Amino acid sequence: MSLPVSSAAPLAATPQRVPAPGAAPATPFPPGDGRERSPADTVMDASTATGWEPGPANIVRGHDPANIVREPSPAGTVREYGPANMGLEHGPADIVWEHDPAAMRRRYTPAPAEPYDQRAYAPSASGVPGPAAPFFLPVVDLDTGGAVAVEVVTEDASAAGPGMGTTVNGLLAAAREEALLPLVLPISAAAVAGGSAGLAPLHEAMRVSNRRPREVILVIEGDTAYVQRTALLSGIDGLRAVGYLIAFGGIGTAPLPLDLLADASPYMIALSPGVVARGPRDPRHGALAESLVRLARGVGAHVLAPGLRDETQLAAVRGWGIRLAQGPLLAPSGWRPSHGFNRVHVPLPVPEAAPATASLGPRVQELLLPAVTLPAESTAEEVVAVLSAEPSITSVILVDEYQRPLGSIDRSRFLLFMAGAYGHALHAKKPAGRLADAAKIVAKTTPVIAAMQVAGRDNARVYDDLVVVDEVGRCLGVVRVGDLLRHAADLQEQQAR
């Protein structure tokens, strides 16, 4: 559209001077104007003088780098759009930088999608995606076939802090499953070395799930080379002082200095699944497993063999002297504590020549089983509930606030007494300590023969479980008299040879 002018005469009748060919003047405005004009003003003046209007086609043609030439206007006026006038603001370099196809691809290319994790987003029973279900792996006593503990494996997806996700999630999953057996939970070495502040989520989860520290075995995992040894040992001492049982996992392949086991004095060590898998078929790995078992006995720790898949591995584990094991051979993948199957089928061992032992037999801590403990002020009704929920429990130990044994309740005598005339009515709401017997206490370093002598002091309670205590009198577990008899018979047979 033409701009309005003050002259009454039409613009086409005004004589115009055609500029000479050549470079355009630096300031194409009449003298005395007093301001510098842009190229857009130049185009508008030319349209005013000639009646030519810059349409879209002309603008595109004038700004195209290939068409920046002198071309006549409709009224005969020569317009110059040479490089001298246009190069500063619309040079080819600016056009290429603004419309570079490579830059546009980088700018508008969408980010790659995150990979889909079926394990983390497995569909639940209702079909709605959610966290993957936890796995429950029973720890089986190879001598009796009973499940003495449950290991819980969960996803590390929790707001509990670094290294605490699997521990807290496993504890809460066991609470939802109502698992009454002792728990085996993993925990990172960095979380233990971080001190008590980082372990607050664990203590809170223990409170919520109504668990006692003596019922939980914390398996320290991860590379200990990235944590300070002093801080790690301090964290272990702090957990042990609270009452947790400490263990180390992946022994044999984990980056763990063996002298750290001697300094930490763990309750249990778990061999690496790779060592257990290759040991029966590779003499070198078998020698490694035997040396680790001997080291564990020297530091007073139990040994757990995970990942048993066939009877060859089971025979090798028994030959190494390992009593605790877990794996698909012993329990199916869908095993859960709530199913009530706490005793599994264990294939019979192949008769082999037993290694030479000391004259008094092994120490009782090698035969130790987790104890079921209750506070000393618990009622008889609470003891009945515990014994009714788990048939494999043979005794309940009453302890004080420092986990020191105050009394022992034998399953058979207690239930027989409560089932008698007026037994439940008279004693259900009263403290269970009224019906408890004095605990038969032995130190953890007591040999088998000496423990047999302690068990036989009271003729009426010969088959009561022995309570094993540590150096300060805290309850570590129980030893069944049947296990003592079995090892004493083996010792007598070896001596007869």
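Residues numbered from 1 in each chain as written. Predicted model: local features only at pLDDT ≥ 70, side-chain atom pairs only at ≥ 80, totals over all residues. Heavy atoms only, no water.

(A) Structural detail: the overall build of the chain. In terms of helices and strands, the chain carries 18 helices and 16 strands. Looking at the chain alone, contacts between residues at least 24 apart form 63% of all its contacts between residues at least 6 apart. (Helix = DSSP H or I, 4+ residues; strand = E, 2+ residues; numbered from the N terminus. Contact = heavy atoms within 4.5 Å.)

(B) Representation of the side chain of H285 within the structure. For H285, the location among the structural elements is in helix 12 (residues 283-299). When its relative accessible area of 19% is taken as the criterion, H285 is described as buried. Non-local contacts of H285, meaning those with residues more than four positions away in its chain, are made with V275, R278 and G279. (Buried < 20%, exposed > 50% of the residue type's maximum accessible area, 1.4 Å probe, protein only.)

(C) Geometry of the confidence of the model for the chain. For the chain, the average pLDDT comes to 75, and 67% of its residues sit at 70 or higher. Confidence over residues 75-98 falls short of pLDDT 50; this stretch has 38 contacts with residues more than four positions distant or in other chains. A low-confidence stretch, residues 103-131 (pLDDT under 50), is modelled with 14 contacts involving residues beyond four sequence positions or located in other chains. (pLDDT = per-residue confidence, 0-100.)

(D) How the structure looks around the environment of V478. Among the secondary structure elements, V478 is positioned in strand 16 (residues 475-479). According to the relative accessible area criterion, V478 is buried, its value standing at 5%. Put simply, V478 and I397 are 81 residues apart on the chain and 9.0 Å apart in space, counted from C-alpha to C-alpha. Setting aside its immediate chain neighbours within four residues, V478 contacts L367, L368, L369, P370, A371, S395, I397, D465 and L466.

(E) Local environment of the sheet that holds strand 15 (residues 466-469). Judged by pairing direction, the sheet is mixed, and its 3 strands sit side by side in the order 14-15-16 without closing on themselves. Only two strands of the sheet have a single neighbouring strand rather than two, namely strand 14 (440-443) and strand 16. When strand polarity is set aside, the average angle formed by the axes of neighbouring strands in this sheet is 35 degrees. Sheet analysis places strand 15 next to strand 16, joined by 4 bridges and oriented antiparallel. Residue pairing for strand 16: V467 is matched across the bridge by V478. Packed on one face of the sheet, helix 17 (residues 448-455) meets strand 14 and strand 15 and runs near 165 degrees to strand 14. (Pairing = 2+ DSSP bridges. Axes fitted to C-alpha atoms, helices over the stretch in contact; angles between N-to-C directions.)

(F) Examining helix 14 (residues 380-389) more closely. Every buried residue of helix 14 is accounted for by A380, V383, V384 and L387. For helix 14, the buried positions fall inside an angular range of 100 degrees around the axis, keeping them on one side. Tucked into the core, helix 14 has its buried residues touching strand 11 (373-375), strand 12 (395-399), strand 13 (405-410), helix 15 (411-418) and helix 16 (423-427). (Arc of directions from axis to C-beta.)

(G) Spatial organisation of the pairing of strand 3 (residues 135-141). For strand 3, the tally of buried residues reaches 5 of 7 residues, placing the bulk of the element in the interior. Across 6 bridges, strand 3 lies against strand 4 (residues 147-153) in antiparallel orientation. What sits directly across from L137, in strand 4, is E151. Two elements, strand 3 and strand 10 (residues 324-325), share 2 bridges in a ladder whose sense is antiparallel. Within strand 10, the residue paired with V140 across the bridge is A325.

(H) Main features of the pattern of salt bridges. Counted under the stated rule, the structure contains 23 salt bridges. With a closest N to O distance of 3.1 Å, R336 and E177 form a salt bridge. Taken as a pair, R336 in the loop between strand 10 and strand 11 and E177 in helix 6 (residues 165-177) lie far apart in primary sequence, 159 residues in all. For the salt bridge of R229 with D263, the shortest nitrogen-to-oxygen distance reads 3.3 Å. One end of the pair, R229, is in helix 9 (residues 229-242); the other, D263, is in helix 10 (residues 258-264), and 34 residues separate them in sequence. One salt-bridge network, held together by shared partners, links D141, D143, R323, D483 and R486. (Salt bridge = Lys/Arg side-chain N within 4 Å of Asp/Glu carboxyl O.)

(I) Seen up close, unusual backbone geometry. Look at E178: it is not a glycine, yet its phi comes out positive at around 60 degrees. Residue position: E178 is located in the loop between helix 6 and strand 5 (183-188). Exposure remark for E178: the relative accessible area of 66% places this residue in the exposed category. Its identity is not glycine, yet Q403 carries a phi of approximately 65 degrees, on the positive side. Note that Q403 resides in the loop between strand 12 and strand 13.

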